[in-house]
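Reading the structure
Each chain is listed here by its residues.
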Amino acid sequence: MKNYYLDWHKMIERAVDSWGKVSVSFKPRAIAITGMGGSGCVGDYVEALASSREGFGSPIIVVKSSSLPKYVAGSDLVFAVSYSGDTIETIMAFGEALRRGARVVAITSGGMLEECSKIRGVPVVKVSEGLVPRAALPEMLIGILGVLDSMNLTLASRDEVVELAQFIGERSLDAVNEAKALANFIYESSSNLVIATHTPLEVIAVRGKNELNENAKILVKVEVAPEWAHNDIVGWENPFTRNWAAITIADPGNILGARLVEFMESIYVKSGVKVHKLLLKGSNLLEKLIYGSLVLGLASVELAELRGLNPLETKGIALYKKFLREIAEEKPC
Ligand code: F6R
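Predicted model, so just to flag it, every value in this text is computed and none were measured. (Residues numbered from 1 in each chain as written. Predicted model: local features only at pLDDT ≥ 70, side-chain atom pairs only at ≥ 80, totals over all residues. Heavy atoms only, no water.)

Before going further, it helps to spend a moment on the packing of helix 2 (residues 8-17) against helix 6 (residues 137-150). Remark: helix 2 packs on helix 6, axes separated minimally by 9 Å, with the N-to-C direction vectors making an angle of 25°. Judged by the inter-axis angle, helix 2 sits roughly parallel to helix 6. Crossing handedness for the pair helix 2 and helix 6: right-handed. Contact with helix 2, carried on its side by Trp-8, Met-11, Ile-12, Arg-14 and Ala-15, involves Leu-137, Pro-138, Glu-139 and Ile-142 of helix 6 and no other residues of that element. (Axes fitted to C-alpha atoms, helices over the stretch in contact; angles between N-to-C directions. Helix = DSSP H or I, 4+ residues; strand = E, 2+ residues; numbered from the N terminus. Parallel < 35°, antiparallel > 145°, perpendicular 65-115°, else oblique. Left-handed = near helix turned anticlockwise from the far one by under 90°. Contact = heavy atoms within 4.5 Å.)

Here it is as C-alpha cells:
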C-alpha cells in the first residue's frame with residue numbers, strides 16, 4: 001500500500017492532464033461538497049484552502065451526511081465525491097441536490113455515482129480506478145480545484161498544481177523518513193494517541209486520525225488550538241489515564257500557530273505525555289497540506305506493518321456499509 005502514497009506525485013501529474021476537462025460556467029451562491037470518509041475529507045481540504053484565500057467568491061459547505069443542509073438550493077453548486085461511487089449517503093445527497101435544482105458535479109472512479117450521473121446528465125470528473133479512497137486524495141482534490149478554476153473560483157492554478165507534483169516528488173524521501181520516525185514513536189508508546197495542531201491545519205489532523213484509524217486500526221483524538229485552550233486543556237488536568245502520546249503538527253511559517261503548538265506541548269509534557277513533532281514543509285498551504293497528509297498516510301501504513309496488520313483491510317466499514325444497504329430506502333437515481 002505504501003506505493004499508493006509514494007506515487008502521489010505521479011497521481012498529481014495525471015490530475016493535471018485532466019485539468020479543465022470538466023468545466024462549469026456558473027456563479028454559485030455557495031458550494032457544498034458532500035462525501036464520506038476518505039472522499040468526504042476532500043471537502044475539508046477545499047474548505048481550508050478557500051478560507052485562507054483572499055477574495056474567494058463562494059462559501060464552502062462540507063457535508064458528511066446523507067442529507068444536505070436545508071438552505072442548499074438551486075443557486076448553489078454541489079460536488080458529490082465518492083471514490084467507489086457506491087456510498088449510499090453520498091448517492092442520497094446527490095439525489096437531493098438534483099431534486100433541489102442545484103448544479104451538480106460528481107467526482108468518482110465509477111460505481112452507481114457515475115451511472116446515475118450519466119442518466120441525469122451530470123458532469124463527472126473521473127479519477128483512477130483500482131486504489132482505495134484514502135489513497136486517491138490528491139486526484140479527487142485536484143479534480144475539484146480544476147472545476148473551480150474553470151469557474152474563475154481559483155484556489156490553485158494549473159501551474160501551482162504542476163509545482164505541487166514536483167514538490168511532492170522531491171520531498172518523498174523526507175516524507176518516508178518522517179513517517180518511519182512517527183510510526184516508531186506511536187508503536188513504542190503503545191498508548192492512546194492525540195494529534196494536536198493549530199488552525200487552519202485541523203484538516204491534516206483529522207485526515208491523519210482517519211488514516212491511523214483505517215490503516216493502523218487505532219483510536220486517535222484530535223486537538224486543535226486555539227479552541228483546545230478553551231476546553232481540552234482542562235481535561236489534561238485530571239484524566240482517568242495518562243497513557244497517552246501526542247503528535248504535534250505545526251506550520252513554521254505561522255508564527256502564532258507554531259507558538260500555540262509549543263504551548264500545547266508544554267501541557268502534554270506536564271501531564272506525563274510523550275510528544276513527537278512534525279513540522280510541515282512547503283511554500284504554500286496546498287503544498288503543506290499534501291506534504292503533511294503524505295507523511296501521516298505513510299506513517300499509518302508503516303505502523304500497520306509494525307503491528308502485523310493489513311492496512312488495506314477495513315472490516316468495520318464493510319460491515320457498516322452492508323448494514324446501511326439493508327436499512328436505506330433510497331432508490332439509486
Ligand atoms: C477510505 C475509505 C473510507 C471510504 C468511505 C466512503 O479509504 O475506505 O473512508 O472513503 O467509506 O467510500 P467512498 O470513498 O468510496 O465513497
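There's more to say after this.
Another point: the site of the ligand. Taken together, 13 residues form the shell around the ligand, and within it Ser-39, Ser-82, Ser-84, Thr-87 and Arg-134 come nearest. Here an oxygen atom of the ligand sits 2.9 Å away from a polar atom, N or O, in the main chain of Gly-38. Separating an oxygen atom of the ligand from a side-chain N or O atom of Ser-82 is a distance of 2.6 Å. Computed on the free molecule, the ligand has an accessible area of 390 Å², of which 94% lies beneath the protein chains in the complex. A total of three residues in the shell around the ligand trace back to one element, the largest contributor, which is helix 3 (residues 37-51). Among the residues forming the shell around the ligand, the class breakdown is four nonpolar, six polar and three charged. (Near = heavy atom within 4 Å. Polar contact = N/O pair within 3.5 Å; in protein donor to acceptor, adjacent residues only side chain to side chain. Areas by Shrake-Rupley, 256 points an atom, 1.4 Å probe, with all protein chains shown as cover. Nonpolar A, V, L, I, M, F, W, Y, C, P; charged D, E, K, R; others polar.)

It is worth spelling out the pattern of salt bridges at this point. Under the counting rule described, the total for this entry stands at 18 salt bridges. Of the charged contacts, one joins Asp-232 and Lys-221 as a salt bridge, the two residues approaching to 2.5 Å between their closest N and O atoms. Taken as a pair, Asp-232 in helix 9 (residues 232-235) and Lys-221 in strand 7 (residues 220-225) lie far apart in primary sequence, 11 residues in all. You can call Lys-221 partly exposed: its relative accessible area is 30%. The partner of Lys-277 in a salt bridge is Glu-265, with the nearest N and O atoms 3.3 Å apart. Linking Lys-277 in strand 9 (residues 274-279) with Glu-265 in helix 10 (residues 255-270), this pair joins segments that are 12 residues apart in sequence. Taking relative accessible area as the criterion, Glu-265 reaches 14% and is therefore assigned buried. Each of Lys-2, Glu-302 and Glu-305 takes part in salt bridges that share partners, so that together they form one network. (Salt bridge = Lys/Arg side-chain N within 4 Å of Asp/Glu carboxyl O. Buried < 20%, exposed > 50% of the residue type's maximum accessible area, 1.4 Å probe, protein only.)

A word on the sheet that holds strand 7. Spatial ordering of the open sheet is given by 7-6-8-9, a layout of four strands whose pairing is parallel. Here the strands that pair on one side only, and so sit at the sheet edges, are strand 7 and strand 9. Pairwise comparison of adjacent strand axes, ignoring direction, gives a mean angle of 20° for this sheet. Judged from the six bridges that link them, strand 6 (residues 192-198) and strand 8 (residues 244-250) form a sheet pairing that is parallel. Bridge pairing in strand 8 places Val-194 opposite Ala-246. (Pairing = 2+ DSSP bridges.)

With that out of the way, let us pick up unusual backbone geometry. At the junction of Thr-199 and Pro-200, the peptide bond is cis and its omega measures out at 0° in the coordinates. Tracing the backbone shows Pro-200 in the loop between strand 6 and helix 8 (202-216). Residue Pro-226 follows Ala-225 across a cis peptide bond; omega there is 10°. Mapped onto the elements of the fold, Pro-226 is located in the loop between strand 7 and helix 9. Of note, the phi angle at Asn-152 is positive, near 60°, even though the residue is not glycine. Along the chain, Asn-152 falls in the loop between helix 6 and helix 7 (158-189). A positive phi angle is found at Lys-217, which is not glycine, with a value near 60°.

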